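Coordinate inspection notes
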Amino acid sequence: MSSTSTSAAPAEMSTTDPLMLVDVDHVRFFVGNAKQAAYFYASAYGFQVEQYSDLTTGSRTSAQYLLTQGNIRLVLETPLTPNHPAADEIRRFGDGVKDIALTVLDAERAYEAALRNGGSSAYEPRTIADQHGSVTMAGLQSYGRAVHSFVSRTGAYALPRVKQGGTFAPGFAPMGHFALNEHNRKHPCGLKFVDHCVGNVEEGKMNYWVEWYENVMGFSMFKHFDDKDISTEYSALMSKVMASGNHLIKMPINEPADGKKKSQILEYLEWHDMTPGVQHLALRTDDELSSVAELRRRGVDFLALPDSYYDAVWGRVDAMLRKHGHEPVKEDHQRIKDLGILVDADDEGYLLQLFTKPLQDRPTLFFEIISRRGSQSFGKGNFKALFEALEIEQDRRGNL
Ligand code: FE2
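Residues numbered from 1 in each chain as written. Predicted model: local features only at pLDDT ≥ 70, side-chain atom pairs only at ≥ 80, totals over all residues. Heavy atoms only, no water.

As for the side chain of Ser-371
- Following the sequence through the fold, Ser-371 ends up in strand 17 (residues 366-373).
- Excluding anything up to four places from it in sequence, Ser-371 contacts Thr-285, Asp-286, Asp-287, Glu-288, Leu-351 and Leu-352. (Helix = DSSP H or I, 4+ residues; strand = E, 2+ residues; numbered from the N terminus. Contact = heavy atoms within 4.5 Å.)

In structure tokens:
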């Protein structure tokens, strides 16, 4: 993928740039039942169910659970009343991601800068504070139902404190005894941070959202694929990858492309009330084989590729690595095959990746488990094999 990287060196970023991103603060899911979803993500994916906010802590409108693993923070939220805005979204979309919330130095200034750049508001800045500190959040509307909250924190709620187990925000309480947490500490899944977050948008709208991330958020294009890269005989998509100035987060944007059969992007949209949204979160691990082995032990359902994938993959990957003077894939090839892990290489090195099946009943959101050994791309060499595997799944769902 050597010639397709269009990312310039990160623009000079100063701490006076209000849109300088400090971290992915959290990813907020709207779910039908947060208490039960917390068990699922803890049991299947090894998250710690760390804190909660519900009727017992004084929250009368929604219940929230903070799940953590490495530097990943998921907030699972469910409405407690029918007129809560999340209730209508769950009716329309099922469970899924609502908000990729980004830590900044000053949420209000970041929000105002984004609005000046042409963005529109999802919600006005609001601050919750107590004697220990404050959390300010302001919402920027992104594609479809997706929102980026800007989050700034002070005092006991500063992000470094939260990372060490400090209270997430006023109103949250520690879980106390939760047996799965102990199990997960003993049997880690090794997930470290959100590597990238992919959005599906409507046909013909990819370039609109690419420009939106450039103009409103100050992102730049990182990689580019077209439907020649990502197509099978039957279905296709187009994808461009946007990256924040400091490459803290990458946001690939997919749109459906014409094919003889229905693309996976169109399938997503049709089960998502024809509304754009987050398709997958890629979670980074340093050790793909250990992570996937542990996730499989826990019963995670991954997309299966035909054995024939492994007939061709080593030749393709090793040739690419040799051509660019990199060491061959060091992980045990037979174990990679046994675990069903996918491999791809580019001019910078290789990556290991694997995709889960949908995380809920609708064929919408899924996870990717990814480990990088130099490669900064997204597994282009696997797209064709993956699409063929996905088409088998789409066909089983009656959606091809
Ligand atoms: Fe991905």
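Read on for the rest.
With respect to the nonpolar core
- By size, the foremost hydrophobic cluster in this structure holds 93 residues, and its most contacted members are Phe-29, Tyr-41, Phe-150 and Leu-281.
- Among residues more than four places away in sequence, those in contact with Leu-281 are Val-27, Phe-29, Val-97, Ile-100, Val-194, His-196, Cys-197, Leu-365, Phe-366, Phe-367 and Glu-368. (Core = buried A, V, L, I, M, F, W, Y, C linked by side-chain atoms within 4.5 Å. Buried < 20%, exposed > 50% of the residue type's maximum accessible area, 1.4 Å probe, protein only.)

What about the domain arrangement of the chain?
- For the chain, the assigned domains read domain 1 (23-186) and domain 2 (191-397).
- In this structure, domain 1 and domain 2 have C-alpha centres spaced 25 Å apart.
- On the side of domain 2, 37 residues touch domain 1, which itself brings 40 residues to the contact.
- Between domain 1 and domain 2 we count 1 salt bridge in total.
- The interface formed by domain 1 and domain 2 includes 15 residue pairs in polar contact (both at pLDDT 80 or more).
- Within the residue set of the side of domain 1 that touches domain 2, elements represented by two or more residues are strand 1 (23-30), helix 1 (34-45), helix 2 (85-93), strand 5 (96-103), strand 7 (133-141), strand 8 (147-155) and helix 5 (179-186).
- Among the elements that line the side of domain 1 that touches domain 2, the one with the most residues is helix 1, at 6 residues.
- Of the residues assigned to the side of domain 1 that touches domain 2, the class counts are 19 nonpolar, 16 polar and 5 charged. (Domains from an automatic or database assignment. Salt bridge = Lys/Arg side-chain N within 4 Å of Asp/Glu carboxyl O. Polar contact = N/O pair within 3.5 Å; in protein donor to acceptor, adjacent residues only side chain to side chain. Nonpolar A, V, L, I, M, F, W, Y, C, P; charged D, E, K, R; others polar.)

Some details on the pairing of strand 6 (residues 120-130)
- Where strand 6 and strand 7 come together, 8 bridges link them in antiparallel fashion. Looking at strand 7, one finds that Tyr-123 is bridged to Gly-139.
- Here strand 6 folds back onto strand 7 in antiparallel fashion, the turn holding 2 residues. (Pairing = 2+ DSSP bridges.)

Comments concerning the pairing of strand 10 (residues 191-200)
- Summarising burial for strand 10: 8 of the 10 residues are buried, a large majority.
- With 8 bridges connecting them, strand 10 and strand 14 (residues 277-285) associate as antiparallel partners. Along strand 14, the bridge assignment pairs Val-198 with His-280.

Here we look at the packing of aromatic side chains
- Enumeration over the complete set of coordinates arrives at 17 aromatic pairs.
- Ring centres of Tyr-143 and Trp-209 lie 6.2 Å apart, and the angle between their planes is 85°; this geometry places the pair in the edge-to-face category. Pair noted here: Tyr-143 is in the loop between strand 7 and strand 8 and Trp-209 is in helix 6 (residues 206-215), with a separation of 66 residues, a long-range link. Accessibility assignment for this pair places Tyr-143 and Trp-209 in one class, buried.
- An angle of 85° between the planes, with centres 6.2 Å apart, marks the rings of Phe-222 and Phe-378 as edge-to-face. Here Phe-222 is found in strand 11 (residues 220-225), whereas its partner Phe-378 is found in the loop between strand 17 and helix 11 (383-396), with 156 residues between them in sequence. (Phe/Tyr/Trp six-rings, centres within 6.5 Å; stacked < 30°, edge-to-face > 60°.)

Description of the coordination of the iron ion
- Distances from the iron ion to its protein donors, namely His-196 (NE2), His-280 (NE2) and Glu-368 (OE), fall within the range 2.0 to 2.2 Å.
- For the iron ion, all donor residues lie on one chain, and their spacing in sequence is H-x83-H-x87-E. Remark: Glu-368 occurs in strand 17 and His-196 occurs in strand 10; sequence separation between them is 172 residues. With respect to burial, His-196 and Glu-368 carry one shared label: buried. (Donors = N, O, S within 2.8 Å, 3.2 Å for Na, K, Ca; no water.)

Quick word on the sheet that holds strand 7
- One open sheet accounts for 9 strands, arranged 6-7-8-5-1-4-3-2-9; its pairing is mixed. Either end of the sheet is taken by a strand with one partner, and the two such strands are strand 6 and strand 9 (173-174).
- Of the strand pairs in this sheet, strand 2 (residues 48-53) and strand 3 (residues 62-69) are connected by 5 bridges, and their pairing is antiparallel. The partner of Tyr-52 across the bridge, within strand 3, is Tyr-65.
- The strands touched by helix 1 within the sheet are strand 1, strand 2, strand 3 and strand 4 (72-79), with strand 3 carrying the most contacts at an inclination of about 10°. (Axes fitted to C-alpha atoms, helices over the stretch in contact; angles between N-to-C directions.)

Considerations on helix 2
- Ala-86, Glu-89, Ile-90 and Phe-93 are the residues of helix 2 that are buried. Across the axial projection of helix 2, the buried residues extend over an arc of 100°, all falling on one side.
- Buried residues belonging to helix 2 abut strand 1, strand 4 and strand 5.
- Positive backbone phi, at 70°, marks Gly-94, one or two positions downstream of helix 2. (Arc of directions from axis to C-beta.)

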